[in-house]
Each structure stands twice: as structure tokens, then as C-alpha cells.
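Residues per chain are reported as follows:
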Amino acid sequence: MITHITTAAKFSKEDIKAIFSLSEKIKSQKFNKKLLAGKVMATLFYEPSTRTRLSFESAMIRLGGSVISTENASEFSSAVKGETLEDTIRIVHSYADVIVLRHFSKGASEIASKISAVPIVNAGDGAGEHPTQALLDLFTICENKNINGLKIAMVGDLKFGRTIHSLLKLLSLYKDVEVKLVAPNLLGLPSSLKLELSQKGLHLEESENLKDSLFRSDVLYMTRVQKERFTSEKEYKKYFGKYILTKELARKMKKDAIIMHPLPRVNEIAPEVDKDPRAFYFMQAKNGLFVRMALLSWIFHKS
Ligand code: NCD
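Residues numbered from 1 in each chain as written. Predicted model: local features only at pLDDT ≥ 70, side-chain atom pairs only at ≥ 80, totals over all residues. Heavy atoms only, no water.

**Details of the site of the ligand**
To keep things clear, this is the line we draw: Consider each residue's heavy atoms; a residue with any of them within 4 Å of a molecule or strand counts as near. Two N or O atoms count as a polar contact when they lie within 3.5 Å, although within protein this holds only if one can serve as hydrogen donor and the other as acceptor, and sequence-adjacent residues are included solely when both atoms are side-chain atoms. In short, Shrake-Rupley with a 1.4 Å probe defines the accessible areas, and a residue's cover is counted only from the protein chains shown. Grid spacing is 1 Å over the protein atoms alone, the probe is 1.4 Å, and a cavity is where that probe fits but cannot get out, while a pocket is an open set with protein on both sides within 12 Å along at least five of seven lines and lining residues have an atom within 4 Å of a point. Whether a molecule lies in a cavity or pocket depends on its atoms, and more than half of them have to be within 2 Å of the grid points. Residues are sorted three ways: Asp, Glu, Lys and Arg are charged, Ala, Val, Leu, Ile, Met, Phe, Trp, Tyr, Cys and Pro are nonpolar, and all the rest, Gly among them, are polar.
Around the ligand, the surrounding shell consists of Thr52, Arg102, His130, Gln133, Arg162, Thr163, Arg224, Gln226, Pro262, Leu263 and Pro264. Contact between the ligand and Leu263: a nitrogen atom at 3.0 Å from a main-chain N or O atom of the residue. Relative to its unbound accessible area of 310 Å², the ligand is 94% covered by the protein chains. In this structure, the ligand is accommodated by the largest pocket. Per-class residue counts for the shell around the ligand are three nonpolar, five polar and three charged.

**What to know about the packing of helix H1 (residues 13-27) against helix H6 (residues 131-144)**
Test applied: For helices, the fitted line uses only the C-alpha atoms of the stretch in contact; every axis is such a line through C-alpha atoms, and the angle between N-to-C directions lies from 0 to 180 degrees. Comment: elements are numbered from the N terminus, with helices defined as DSSP H or I runs of at least four residues and strands as E runs of at least two. Relative orientations are named as follows: roughly parallel for angles under 35 degrees, roughly antiparallel for angles over 145 degrees, roughly perpendicular for angles from 65 to 115 degrees, and oblique for any other angle. Here, two residues are considered to be in contact whenever any of their heavy atoms come within 4.5 Å of each other.
It is the contact of H1 with H6, at a shortest axis distance of 11 Å, that shows an interaxial angle of 75 degrees. On the basis of their axis angle, the class for H1 and H6 is roughly perpendicular. Residues Ile16, Ile19, Phe20, Ser23, Glu24 and Lys27 of H1 lie in contact with H6, whose contacting residues are Leu135, Leu138, Phe139, Cys142 and Glu143. For the contact of H1 with H6, the per-class residue count stands at seven nonpolar, one polar and three charged.

**Some words on the domain arrangement of the protein**
Rule in force here: Boundaries of every domain are those given by an automatic assignment or by a domain database. What counts as buried area is the accessible surface, traced by a 1.4 Å probe, that two parts surrender upon association, with contributions from both included. Within this document, salt bridges are pairs made up of a side-chain nitrogen of Lys or Arg and a carboxyl oxygen of Asp or Glu, the two lying within 4 Å of each other.
Per the domain assignment, the segments making up the protein are domain 1 (8-129 + 287-302) and domain 2 (131-284). Taking only C-alpha atoms, the centre of domain 1 and the centre of domain 2 are 24 Å apart. If you look at the interface, domain 1 gives 30 residues, while domain 2 gives 25 residues. Carbon and sulfur atoms supply 62% of the area buried between domain 1 and domain 2, which totals about 2400 Å² over both sides. Sorting the residues of domain 1 by area buried against domain 2 places Phe20, Glu129 and Asn287 first, and these three jointly supply 24% of that buried surface. For the pair domain 1 and domain 2, the number of links is four salt bridges. Residues Arg229 and Glu47 are paired through a salt bridge, measuring 2.8 Å at the closest nitrogen-oxygen approach. At the boundary of domain 1 and domain 2, one finds 15 residue pairs in polar contact (both at pLDDT 80 or more). Secondary-structure elements contributing two or more residues to the side of domain 1 that touches domain 2 are H1, helix H2 (51-62), strand E3 (98-103), strand E4 (120-125) and helix H11 (281-302). If one sorts the elements of the side of domain 1 that touches domain 2 by residue count, H1 sits on top with seven residues. Of the residues contributing to the side of domain 1 that touches domain 2, the split by class is twelve nonpolar, nine polar and nine charged.

**Notes on the nonpolar core**
Defined as follows: Definition used in this section: a nonpolar core is a set of buried Ala, Val, Leu, Ile, Met, Phe, Trp, Tyr and Cys residues joined via side-chain atoms within 4.5 Å. Here's how the labels work: a residue is buried when its accessible area is under 20% of the maximum for its type, exposed when over 50%, partly exposed in between, all with a 1.4 Å probe on protein chains only.
By size, the foremost hydrophobic cluster in this structure holds 58 residues, and its most contacted members are Ile152, Met154, Leu168, Leu171 and Leu295. With ten residues, the single largest contributor to this core is H11. Both domain 1 (8-129 + 287-302) and domain 2 (131-284) contribute no fewer than three residues apiece to this core. Apart from residues no more than four positions distant in its own chain, Leu295 is found in contact with Ile5, Phe11, Ile19, Phe56, Val121, Thr132 and Leu135. Core analysis: the next-biggest nonpolar cluster, separate from the first, contains 19 residues, Val155, Leu249, Ala257 and Tyr281 among them.

**A closer look at the environment of Leu263**
With respect to the helices, strands and loops of the structure, Leu263 is situated in the loop between strand E9 (258-260) and H11. Residue classification places Leu263 among the buried residues on the basis of a relative accessible area of 13%. When the C-alpha atoms of Leu263 and Asp276 are compared, they prove to be 17 Å apart, with 13 residues separating the residues in sequence. Contacts of Leu263, omitting those with residues within four sequence positions, involve Arg51, Tyr281, Phe282 and Ala285.

So, in C-alpha cells, the structure goes:
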């Protein structure tokens, strides 16, 4: 069976345990540097990326594998000539042993997984999901906090923010997690997702107010307003800058809370907060390498 990673909902608690235990070993430099020797990973990116693509590529190389890549597939691949995603996958899967795909349309990796003879890893599908980001986010949370009974505030663009969608799906696997969703009314979490998560027992509460959501949270997860999903600049500007974590606001947070952000940040976290010992976003991004190394090892071990 091929292990496609299209949605965070694919992971069971046992899968996560296995991936995190591997991630810890890798983080402490205990891993086989030739584990994926002879394997080729294709990164097919139709949307911009820094962390996701580079950490995946570095992960593969550090495990002894090789990488082929189109970093700007919308412009530099045959998509320009009108080739469909389906046809591109039909070709690329004969050149690689795993395909890491970032695409602008929701559901793209699901479509690719129906065609591909090698594992598809969703590295972001439009406003859909970003399951590998969710894994590294959860890894960072579990390194620092007790996941059972966790209180987390998720702030910003919860409608289009795919990292949020995937992380919530992972959080719904754990006991007594309380989520405060902080967003402007029109950028709230899609109602179908809210329903799905509530049915799984995740405790969700909605608010438009960042200040009031800071006091009780163990984790503050800030996100960027997803400019590229808006139909007009005017519409985007209505929300831009609505939530900004400043040094002053950070004073209202618990002393042992952690501040996270999938990055890139635009202005959601003032640079003055970077020196705060609770600022974990750069460590979070660094963990991306270890978790993606673990995930690649796990996929090949399973497939
Ligand atoms: C995120 C994404 O691409 O969804 N970035 C990332 O992969 N770390 C978040 C974002 O772009 O806002």
C-alpha cells in the first residue's frame, strides 16, 4: 500500500507517536545517514515556499537521498504550456520515489494521489491543508507542553489558513484540548470543519478579541492573513494588521506560554517579541527539518 499524506486526518495517534520518536532520535543526531540512499524525491511547487521546500530537500539529502525540483512549477513546468496536474503527475511519478506537492487549489494532492504510483505528500493545497506543517507544529507543542488538557489560542486568518486546518485535525486526537479561535467574523474557521472537529470532541470557542484570549493560553499560534486567497487588495486590507502581538500584549500571557507562527510573518508578531524567551517560532521552523526527515523515513518504511 502506498502511504499518501494528503490530509492530517490520515494520521492516527500511533502514527504520530512513531514519527515523533523518530524525530527525537534524528534531532539528537541518532540516525542512519544512508537510510534513503538511492531514493529520489521530487518537489513540485506551484506556489512560493521557503521553509517547506528547503527543509524537505535538506531532509532528503541528509538521509542520503537525492532531489529533483521545480520550485516555480506554475511558470517553469509544462503547466505553462497547458499541461494538467494529472498529466504532470503521470510523468513525475516515473522519475521519483516520492512527490512533495504544493499547489494553489484545494484538493490537488488528493487528485494527485489517485494517479500517482509513488507517495504524494501534500505540502499545502490552496486554502485546504498543510499536514506536514501540522506535524512539526504538534512536535514543537509536545516538546514543551502537555498535550492533554492544552489550552491553545489560534489567531488570524482561520478561513484560508491551511496550517490551522491541519493542526486542528491533529489536536482533535487528544484529550481535553481547548481551542480559542480568534479571527474577524468573516475569516473564521469554515463551518464544515468546525462541525467535523466538534464531533470528534474538540472543544472550540470563537472570539474576535486577541487581548482577552491571551491570559489562559498555553500556546499562542499566530497566523498571517492569506493575501493570495483574496479576490481584491481592498478586501485584504480590511483585515491586514488586525492582530499584532506586541511586547506589551505579550505581557498579558502566561509566563510559561509559548508563541508559535508557521511563518512567514508579515506584521503579526512585532520583531521586539523575538527576544522574549517564549518566542518559539524559529525553533518551530528548525524542527521542520527533523520532523520531515522522520516523516520521509516513516513513509519509505511503510510503503
Ligand atoms: C504556511 C503555508 O504555506 O501555508 N507557510 C509554511 O509552509 N510555513 C503559512 C503561510 O504561508 O502563511
